[in-house]
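# Structural description and commentary
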Amino acid sequence: MKMSSVRYLTKEGFKNTWANRLMSVASVGVLVACMVVIGLAILISENVKLAIGNLEKQNVVMAYMKDYSWAQYGDKSENSSGAESTTEASSEESATEEQPDARGIKSSDYVIHNEEEALALCKEIEKLDNVESVEYISGDKGLEDVKANMPEGQEKYFTFLDEEYGNPLSGAAKVKMKDMALFDVTVEKIQKLEGIDTIQSQSDLAEKITAIKNGIAIAGFWIIAILMLISLIIVSNTIRITMYSRKLEISIMKAVGATNAFIRIPFVIEGIFIGLISAILSEGVLYFCYRVATETICKTLGTTDIVKYSDMAILLFVIFAVIGILSGAIGSFIMISKYLRKEGSEFAAI
Amino acid sequence: MSEIINEIQDKPVIEFKGVSKTYKTGTHALEDVNIKINKGEFVFVVGSSGAGKSTFMKLIMREEKANTGTISVNGYNLTKIKKRNIPMLRRTMGIVFQDFRLIPKMNVFDNVAFAMHVVGASTRQIRREVTKALSAVGLGDKARSMPNELSGGEQQRVGLARALVNNPTLIIADEPTGNVDPNMSYEIVSMLTAINKQGTTVLMVTHDHDLVHYFKHRVIMLDSGKIVADNPAGGAEE
Ligand SMILES: Nc1ncnc2c1ncn2[C@@H]1O[C@H](COP(=O)(O)OP(=O)(O)OP(=O)(O)O)[C@@H](O)[C@H]1O
Ligand SMILES: [Mg+2]
């Protein structure tokens, strides 16, 4: 297409928007409302994701190991031979080469004998799919954590534990997973490894998190789909009004042999222009709304752990621009095409 | 004058063969119309109201489609023409409307220029051709006037300039003098006649017997969708 035509058509598009400014402003208003709601939905879901991410971080599983403490206190029902030997060992001297220690435990009674073996087991867990990270928590460290979390002043009642009878806590691998949806499978895999006793998990939390995530995805999809449809309808309606107000021009264009593409372009430009203006305004309005809302919420809840608008600004603008341009272009294209298809009375203006 | 041109021509500009048009409402607007119009002819189309004159014109502009028969216009077969070629067909003709169809918010120059803009002409070309067309209809000094500042006759001359500006080989005018006074009607047909003398074929519907008598062009008479008379140019009418 020639440069002069491009200039002419663009100018016509803007002229349409201006000539039809009341409707243009109204449709920009509705589009901005739609976009702001879409933006809020995205921001809320991002914040929920952030909160869930924090939850997920806490939702680690503890894979307890079959170590010395386990040999002493653990439930060894699957390992009957070991259980017998320990109970007997405490009462009488064993005839085997290996002498049980003061508490009557032999090294063959348990699997993980030292920190080196524990770390090796952690390495093995780390190799599994869906495992993000593994941290070794020794029994002593575990006990310290337990004490630290006790209500003040109560730990003194528990000090006897490690002094007299030894630490009852086994060492554990603190496992963080990548995808909570694969929680059960991963737990099962860890369970099968040699040297793992029990796994303490909060599988129900994992389920809840997955459900929340799915819920957000579905709700987000429908919100965006419905609002996009509304935007499309609003823009097409505005274009329809422009079109009817330009019936005379269109009839002349047809009579002198303008192609349908040429007739369409100014209207499509008008639609795109309305969409883009709406995108720019939405970005500003949403920024303002979000800042006001989060300031209040943060003050009330005393949290600072929220998604920053600046991190989302570009993504949101791209989404708004795409929604605006698409609904503008598609809406006007559909409308003008419908109009141009009408045969017979093409030259009948007014 | 035009008979001589007719004899030179071999292929007609417009040819109807067994054309019938029935509207969706069931009205038989045209029935078995056969006609040839050659290059350089000036043809008046007359007939009573509802005779099918406008329908005849609409078929030529491909605003309506014939139900049966074949129509060819300026080398396009209108029964087979592809949708995207319809604009190309229309660029070969200049259409003059009874109600002028000037865009009220544009001045005279822009109204004429509009017809060139929308077929993709360059600004330079537009300036040259519009000036030429306006002086051809005697409105060179009214280029900056708005349509509502002009008389009916002047407005129709703007319409004529717009129809001429893309240099068509065929002018289609359905009652172009229907909304102007007798003196102005005479002016407009004189202008069309002058344009015709340069070789442009002109097809004009009119109810004005005086004009038909005065100008002595070929006259096609329609009645109830049929051609009932076809008097050659020279005044042997009725
Ligand atoms: N779009 C249409 N739909 C249905 N019927 C139509 C349509 N246009 C015209 N007609 C009918 O077709 C017949 C011929 O109409 P047409 O407009 O061709 O007449 P005309 O000779 O131009 O009359 P006038 O001198 O009043 O302009 C009339 O009976 C008219 O009612
Ligand atoms: Mg008519």
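For the structure itself, consult the block above.
Keep in mind the model is a prediction, meaning the values are calculated, not measured.

## Side note on the sheet that holds strand β8 (residues 201-205) of chain B
All names here are of chain B.
- In space, the six strands of this open sheet follow the order β6-β7-β8-β3-β9-β10, with mixed pairing throughout. Pairing within the sheet leaves two strands with one partner each, and these edge strands are β6 (93-96) and β10 (226-231). Each strand axis lies, on average, 15° off the axis of its neighbour in the sheet, ignoring direction.
- Pairing geometry for strand β3 (residues 42-47) and β8, over four bridges, is parallel. By the bridge assignment for β8, Phe42 is matched with Val202.
- The strands touched by helix α6 (residues 152-164) are β6 and β7 (170-174); relative to β6, the strand with the most contacts, the crossing angle is about 165°.

## Quick word on the pattern of salt bridges
All names here are of chain A.
- Summed over the entire model, instances satisfying the criterion amount to 14 salt bridges over all chains.
- Lys15 serves as the salt-bridge partner of Glu12, at 3.0 Å between the closest nitrogen and oxygen. Note that Glu12 and Lys15 are positioned in helix α1 (residues 3-19) at a spacing of three residues, about one turn of the helix.
- Glu12 gets classed as buried once you look at its relative accessible area, which sits at 4%.

## Topic: α1 of chain A
- The end-to-end C-alpha distance of α1 of chain A, which contains 17 residues, comes to 24 Å, matching closely the 24 Å that a straight helix rising 1.5 Å per residue would cover.
- Those residues of α1 of chain A not exposed but buried are Ser4, Ser5, Tyr8, Leu9, Glu12, Gly13, Asn16 and Thr17 of chain A.

## A look at the layout of surface pockets
Residue and element names in this part refer to chain A.
- Here the largest pocket defines a volume of roughly 610 Å³.
- By residue number, the principal contributor to the lining of the largest pocket is α1, which donates nine residues.
- Of the volumes computed, that of the second largest pocket is approximately 360 Å³.
- Residue lining of the second largest pocket: 17 residues in total, with Met62, Tyr64, Asp145, Val146 and Gln200 positioned closest to the centre.
- At the level of elements, β1 (61-65), α6 (139-148) and β3 (172-177) are the ones that each hand at least two residues to the lining of the second largest pocket.
- If you tally residues by element for the lining of the second largest pocket, the top one is α6, at three residues.
- Residues belonging to the lining of the second largest pocket are distributed by class as follows: seven nonpolar, eight polar and two charged.

## Brief notes about the interface of chain B and chain A
- If you look at the interface, chain B gives 27 residues, while chain A gives 23 residues.
- Across the interface of chain B and chain A, roughly 2300 Å² is buried in total on both sides, 56% from carbon and sulfur atoms.
- When residues of chain B are sorted by the area they lose upon contact with chain A, Glu63, Arg101 and Val118 of chain B head the list and together hold 26% of the total.
- On inspection of chain B and its partner chain A, the count reaches one salt bridge.
- Here chain B is connected to chain A by four residue pairs in polar contact (both at pLDDT 80 or more).

## Things to note about the nonpolar core
- Phe44, Val130, Leu134 and Leu192 of chain B are the most contacted members of the largest nonpolar core, which has 86 residues in total.
- It is helix α12 (residues 309-341) of chain A that provides the largest number of residues to this core, a total of 11 residues.
- One finds Phe347 of chain A together with Val19, Ile37 and Leu78 of chain B within the second-largest nonpolar core, a separate group that totals 34 residues.

## Considerations on a nonpolar patch on the surface
Residue and element names in this part refer to chain A.
- Together, Val30, Ile218, Phe221, Trp222, Ile226 and Ile230 make up an exposed nonpolar region whose accessible area comes to about 590 Å².
- Sort the elements by how many residues they give to the nonpolar patch and helix α9 (residues 203-245) lands first, with five residues.
- Relative to the helices and strands, Ile226 resides in helix α9.
- In this structure Ile226 comes out as partly exposed when scored by relative accessible area, which is 47%.

Conventions used here
Residues numbered from 1 in each chain as written. Chains lettered and ligands numbered in written order. Predicted model: local features only at pLDDT ≥ 70, side-chain atom pairs only at ≥ 80, totals over all residues. Heavy atoms only, no water. Pairing = 2+ DSSP bridges. Helix = DSSP H or I, 4+ residues; strand = E, 2+ residues; numbered from the N terminus. Axes fitted to C-alpha atoms, helices over the stretch in contact; angles between N-to-C directions. Contact = heavy atoms within 4.5 Å. Salt bridge = Lys/Arg side-chain N within 4 Å of Asp/Glu carboxyl O. Buried < 20%, exposed > 50% of the residue type's maximum accessible area, 1.4 Å probe, protein only. Expected span 1.5 Å × (residues − 1). 1 Å grid on protein atoms, 1.4 Å probe; cavity = no way out; pocket = protein on both sides within 12 Å on 5 of 7 lines; lining within 4 Å. Points joined across faces, edges and corners; volume = space filled by probe spheres on them. Nonpolar A, V, L, I, M, F, W, Y, C, P; charged D, E, K, R; others polar. Buried area = accessible area lost by both parts, 1.4 Å probe. Polar contact = N/O pair within 3.5 Å; in protein donor to acceptor, adjacent residues only side chain to side chain. Core = buried A, V, L, I, M, F, W, Y, C linked by side-chain atoms within 4.5 Å. Patch = residues over 30% accessible without salt bridge, like charges linked within 9 Å, V, L, I, M, F, W, Y side chains within 5 Å. Areas by Shrake-Rupley, 256 points an atom, 1.4 Å probe, with all protein chains shown as cover.

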